[in-house]
2 protein chains.
Amino acid sequence: MGTHPDVKRRRKKQGLIRARQHLFRSGETSNRIVVVRSGWALRSAMTADGRRQVLSILLPGDIAGGELLVRGQIRNPIQTITPVDYCVFEVDQLKEIAAEDPKLVWTFVDLCFSGREASEARLVDLGRRNAEQRLARLILELHERLTAKNLAEEDSIPFPLRQQSIADMLGLTQVHVSRVMRSLRENRIVQVRNGVLTILDMNALVEVAQQYSH
Amino acid sequence: MGTHPDVKRRRKKQGLIRARQHLFRSGETSNRIVVVRSGWALRSAMTADGRRQVLSILLPGDIAGGELLVRGQIRNPIQTITPVDYCVFEVDQLKEIAAEDPKLVWTFVDLCFSGREASEARLVDLGRRNAEQRLARLILELHERLTAKNLAEEDSIPFPLRQQSIADMLGLTQVHVSRVMRSLRENRIVQVRNGVLTILDMNALVEVAQQYSH
DNA sequence: GTGTTTCTTTAACTTGTGTTATAAATCCAG
DNA sequence: CTGGATTTATAACACAAGTTAAAGAAACAC
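Small disclaimer: the values here were computed from a predicted structure and weren't measured.

1. As for the pattern of salt bridges
Line of reasoning, step 1. According to the stated counting rule, one finds 34 salt bridges over all chains in the structure shown.
Line of reasoning, step 2. The salt bridge involving Arg71(B) is made with Glu117(A); its shortest N-O contact spans 3.1 Å. Here Glu117(A) lies in helix H3 (residues 103–128) and Arg71(B) lies in the loop between strand S6 (63–64) and strand S7 (78–80), a pairing that spans two chains.
Line of reasoning, step 3. Residue class for Glu117(A) comes out buried when judged on its relative accessible area of 18%.
Line of reasoning, step 4. Between Asp168(B) and Arg52(B) there is a salt bridge, with the nearest N and O atoms lying 2.8 Å from each other. Highlighted residues: Asp168(B) in helix H5 (residues 163–170) and Arg52(B) in strand S5 (residues 52–58), separated in sequence by 116 residues. Side by side, Asp168(B) and Arg52(B) carry an identical accessibility label, which is buried.
Line of reasoning, step 5. Among the charged side chains, a network of salt bridges with common partners joins Asp62(A), Arg122(A), Glu141(A), Arg145(A) and Lys149(A).

Here's what the structure looks like:
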């Protein structure tokens, strides 16, 4: 899609934030939207009894807090899992720009649909696929997204995710994520070392991701 | 939100379609968007091995095929589960109207966000709640939505869903949905008769929906 | 009505994933 | 380098939900 030229011109501020910090808190009423420039963050929801469901992974280039364009407040907190540097856009300014150039609003519609498609893809995973498939598909998704952003080398990608975060994303427990990781490791399909995940056997990984199941 | 006045004026056609028919097929490239006027429909995704995940339930007032505003084709098929009558809007015309009145585009952004929020709520259900909670929450959601549309009487709502569809929505099997329904029935929490579901004990239902779990 | 098909219920049995607990790695501050 | 905190690995056991099968019930066609 690419950033809109008017938006670039009006870029206001930027910032750097450490790992494990909130980029947005639930309920926050802010008028700034953030674009991640480097680093990873997780957007999640909490249940009443304190368990977490990760809704999406934010990678460089992704927008955080876009709902502020149409909602008064942030619903889902966003926390960094690595240091993140970002730039900030004022909601009011974006709206002004959009008023001048209606095409921009269609860009928002488009972005919003992409986000929805992504969360529906995850829905299918949680509803209809087993743990092994979910993990394999998550790895493939990250590999694709990072490759598109030129952040992968060959079949290696940065991998700062803790097993607990993966569990919270895939609707599993950390223990079970560990089991499935072991299976992928022992079958020489993927390898994780020093925060880098390497896909050793792409065909096998795709196979696992697509295997018929339940 | 309410339908935009310009849109109402240009309403083109309407139609009636029987139960178990496709309102949209996957891959369809149509230039018509549909608003459901009465009846229920399901939007779903299929896995490679033919299992189904229901992504959303369309009730009267809901839009079907909205993605055609920003995408070339329909990704997820929509099938009626009751007779549906609907009205049709041409995509091109909507875009023309939107060009004249940019507010309308913001309405699309808003709608799109609502859809995303709904699918993320379901994501939390599938990732972090057990079968009983999922079903209780589905019933409460339908009750709320139908009440808002004035389609509920007291605590009774029309309920044309087959157990298999509920299963495909909640990531369960039909057999297990039957078990959970039995539990709700035997505890005198809900009752289904002649396609009408009655909430006999709202407090208990809310309790089930929120119980701490796993 | 009668027969046919589609749903639902129920039971018996299996299994994937959760739970709990502990040990082993790894990371990090000082 | 050392000690403490996180994170990961493993094992043993438990249970929610899946599977299969078969019988009832309901819906539907003629």
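Continuing now.
2. Description of the relation of the copies chain A and chain B
Line of reasoning, step 1. Overlaying chain A with chain B gives an RMSD of 0.0 Å, the required rotation being 180° about an axis along which the chain moves by 0.0 Å. In the structure described here, the two chain copies are related by an operation that fits a two-fold rotation axis.
Line of reasoning, step 2. Taken together, the interface assignments show that 100% of the residues at the interface of chain A recur at the interface of chain B, consistent with an identical surface on both copies.

3. Comments concerning the interface of chain A and chain B
Line of reasoning, step 1. Taken residue by residue, the interface counts 45 residues in chain A and 45 residues in chain B.
Line of reasoning, step 2. Approximately 4,400 Å² of surface area, both sides summed, lies buried where chain A meets chain B, with 62% of it carried by carbon and sulfur atoms.
Line of reasoning, step 3. The largest per-residue losses of area from chain A upon contact with chain B belong to Trp106(A), Leu123(A) and Arg128(A), which jointly make up 18% of the total buried on that side.
Line of reasoning, step 4. Remark: the boundary between chain A and chain B carries 10 salt bridges.

4. Focus on the packing of helix H4 (residues 131–148) of chain A against helix H6 (residues 174–186) of chain A
Residue and element names in this part refer to chain A.
Line of reasoning, step 1. For the pair H4 and H6, the least separation of the axes is 10 Å and the interaxial angle reads 70°. With respect to their mutual orientation, H4 and H6 come out roughly perpendicular. Counting all contacts with H4, which are made through Ala131, Glu132, Leu135 and Ile139, the residues of H6 involved are His176, Val180, Met181, Ser183 and Leu184.
Line of reasoning, step 2. A class-by-class count of the residues in the contact of H4 with H6 yields six nonpolar, two polar and one charged.

5. Looking at the pairing of strand S8 (residues 84–90) of chain B
All names here are of chain B.
Line of reasoning, step 1. The buried fraction of S8 is high, at six of seven residues.
Line of reasoning, step 2. Bridge count for strand S1 (residues 13–17) against S8 is five bridges, and the pairing is antiparallel. If you follow Lys13 over to S8, its bridge partner there is Val88.

6. Thoughts on helix H2 (residues 91–100) of chain A
All names here are of chain A.
Line of reasoning, step 1. Listed in full, the buried residues belonging to H2 are Val91, Gln93, Leu94, Ile97 and Ala98. Projected down its long axis, H2 shows its buried positions confined to an angular sector of 160°, all on one face. Pointing more than 90 degrees away from the buried face of H2 are the exposed residues Ala99 and Glu100.

7. Notes on the pairing of strand S8 (residues 84–90) of chain A
All names here are of chain A.
Line of reasoning, step 1. Of all seven residues in S8, five are buried; the element is thus mostly enclosed.
Line of reasoning, step 2. Note that strand S3 (residues 32–38) and S8 share six bridges and pair antiparallel. Looking across to S8, one finds that Val35 is bridged to Cys87.

8. Some thoughts on the nonpolar core
Line of reasoning, step 1. Counting 59 residues, the largest nonpolar core has Leu23(A), Phe24(A), Leu23(B) and Phe24(B) as its most contacted members.
Line of reasoning, step 2. Apart from the residues lying within four places of it in its own chain, the contact partners of Leu23(B) are Ile17(B), Arg32(B), Val34(B), Ala64(B), Ile78(B), Gln79(B) and Tyr86(B).

9. Concerning the protein's contact with DNA strand D
Line of reasoning, step 1. Close to DNA strand D lie 18 residues; Arg20(A), Gln163(A), Arg185(A), Ala131(B) and Arg179(B) are nearest.
Line of reasoning, step 2. In the interface set of DNA strand D, defined as its atoms within 4 Å of the protein, sugar plus phosphate atoms amount to 67%.
Line of reasoning, step 3. A distance of 2.8 Å separates a phosphate oxygen of DNA strand D from a polar atom in the side chain of Arg185(A).
Line of reasoning, step 4. In the environment of DNA strand D, a phosphate oxygen lies 3.3 Å from a nitrogen or oxygen atom belonging to the side chain of His176(B).
Line of reasoning, step 5. Going through the elements one at a time, H6 of chain A together with helix H6 (174–186) of chain B are the ones with two or more residues in the surface near DNA strand D.
Line of reasoning, step 6. Considering every element that reaches the surface near DNA strand D, the biggest residue donor is H6(A), with six residues.

Cut-offs applied
Residues numbered from 1 in each chain as written. Chains lettered and ligands numbered in written order. Predicted model: local features only at pLDDT ≥ 70, side-chain atom pairs only at ≥ 80, totals over all residues. Heavy atoms only, no water. Salt bridge = Lys/Arg side-chain N within 4 Å of Asp/Glu carboxyl O. Helix = DSSP H or I, 4+ residues; strand = E, 2+ residues; numbered from the N terminus. Buried < 20%, exposed > 50% of the residue type's maximum accessible area, 1.4 Å probe, protein only. Least-squares fit on C-alpha atoms with pLDDT ≥ 70 in both. Contact = heavy atoms within 4.5 Å. Buried area = accessible area lost by both parts, 1.4 Å probe. Axes fitted to C-alpha atoms, helices over the stretch in contact; angles between N-to-C directions. Parallel < 35°, antiparallel > 145°, perpendicular 65-115°, else oblique. Nonpolar A, V, L, I, M, F, W, Y, C, P; charged D, E, K, R; others polar. Pairing = 2+ DSSP bridges. Arc of directions from axis to C-beta. Core = buried A, V, L, I, M, F, W, Y, C linked by side-chain atoms within 4.5 Å. Near = heavy atom within 4 Å. Polar contact = N/O pair within 3.5 Å; in protein donor to acceptor, adjacent residues only side chain to side chain.

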